[in-house]
Amino acid sequence: GAALVSETGVELQFGIIVLLIAVIVGGLALPRAPFSLGPFDRLRDLEIFRAPRQAPTRDLIELAVLRFTFVLVFQMMGWAAFYAFGVEVPLGALLVNFSGVVMVSMLPAVAGIGPGQVAMVEFFGAYGSAETLLACSITLAGGMIIVRSLIGVAFAREFTREAYAAAKGDPAQSGHEDL
C-alpha cells in the first residue's frame, strides 16, 4: 500500500485526498439526508448518530471547518517535523501518506514503539532513512502532546464553566442544548 501510493502520480494522490475530504463531509451529511439510504437506514438510525441528525446545520458546518483546520494543522506539523529532520517529501505524498500514518497510529502500541512509528517508516521510507523517520515520528508525537496540552490549558476555564452549567441543568449557560 505505502509503496503504491508513494510511487503514483499526482492524479491518484489528488483523487485520494478528494476521497478523504468526501468521507469527512459525507460522515456529517449522510445522517441528515432526506432520502432513504436503503439498508444503511438502520445504521443511520442508531443512537450514536443522533447528534449529527439533530444538530443545527450551522453547528455541523462549524464542526467540519474545525475538523478540516485540525487536519491541516496536523499536516503542517508533519511537514515541519520532516523539514526539521531534513527529509524532503513532495506535498501530494505528504498529504496522502500522512493520512495513512494517522489511521495506523490509532492502533495500540505493544512494546514501546507503536504502529505510528512503523507506519511512518513504511509510508515515507522512500524519502529518508528508517532511523531519521523514526526519530521524526517520535518527535512529532511528543510535539502533538504538547500542542494538545496547550489547547487544553487555553480552553480549561470555558470547559469547566460549561461542565458546571450542564451539571446544574442550565443549557443556556453551558453553550449546548440538549439534543
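Just above, that's the structure.
Residues numbered from 1 in each chain as written. Predicted model: local features only at pLDDT ≥ 70, side-chain atom pairs only at ≥ 80, totals over all residues. Heavy atoms only, no water.

### Overview of the packing of helix H5 (residues 57-84) against helix H6 (residues 91-105)
Phase 1 of the analysis: Relative to each other, H5 and H6 sit at 105°, their axes nearing to 10 Å. In terms of orientation, H5 lies roughly perpendicular with respect to H6. Between H5 and H6, the residues in contact are Phe74, Gln75, Gly78, Trp79 and Phe82 and Leu94, Leu95, Phe98, Ser99 and Val102, respectively.
Phase 2 of the analysis: When grouped by side-chain class, the residues that make up the contact of H5 with H6 number seven nonpolar, three polar and no charged. (Axes fitted to C-alpha atoms, helices over the stretch in contact; angles between N-to-C directions. Helix = DSSP H or I, 4+ residues; strand = E, 2+ residues; numbered from the N terminus. Parallel < 35°, antiparallel > 145°, perpendicular 65-115°, else oblique. Contact = heavy atoms within 4.5 Å. Nonpolar A, V, L, I, M, F, W, Y, C, P; charged D, E, K, R; others polar.)

### Here's the deal with the nonpolar core
Phase 1 of the analysis: Core analysis: the biggest nonpolar cluster contains 18 residues, and Phe82, Val89, Phe98, Met120, Phe124, Leu133 and Leu140 have the highest contact counts within it.
Phase 2 of the analysis: Contributing elements (two or more residues each) for this core: H5, H6, helix H7 (115-124) and helix H8 (130-168).
Phase 3 of the analysis: Each residue touching Leu133, except ones within four places of it in the same chain, is listed here: Phe82, Val87, Met120, Val121, Phe124, Gly125 and Gly128. (Core = buried A, V, L, I, M, F, W, Y, C linked by side-chain atoms within 4.5 Å. Buried < 20%, exposed > 50% of the residue type's maximum accessible area, 1.4 Å probe, protein only.)

### What to know about a nonpolar patch on the surface
Phase 1 of the analysis: Together, Ile21, Val25, Phe68, Leu72 and Met76 give the surface a local cluster of nonpolar side chains, amounting to about 470 Å² of exposed area.
Phase 2 of the analysis: Of note, Ile21 is situated in helix H2 (residues 10-29).
Phase 3 of the analysis: The partly exposed category is assigned to Ile21, whose relative accessible area is 39%. (Patch = residues over 30% accessible without salt bridge, like charges linked within 9 Å, V, L, I, M, F, W, Y side chains within 5 Å. Areas by Shrake-Rupley, 256 points an atom, 1.4 Å probe, with all protein chains shown as cover. Salt bridge = Lys/Arg side-chain N within 4 Å of Asp/Glu carboxyl O.)

This is a description of form; function is not addressed.
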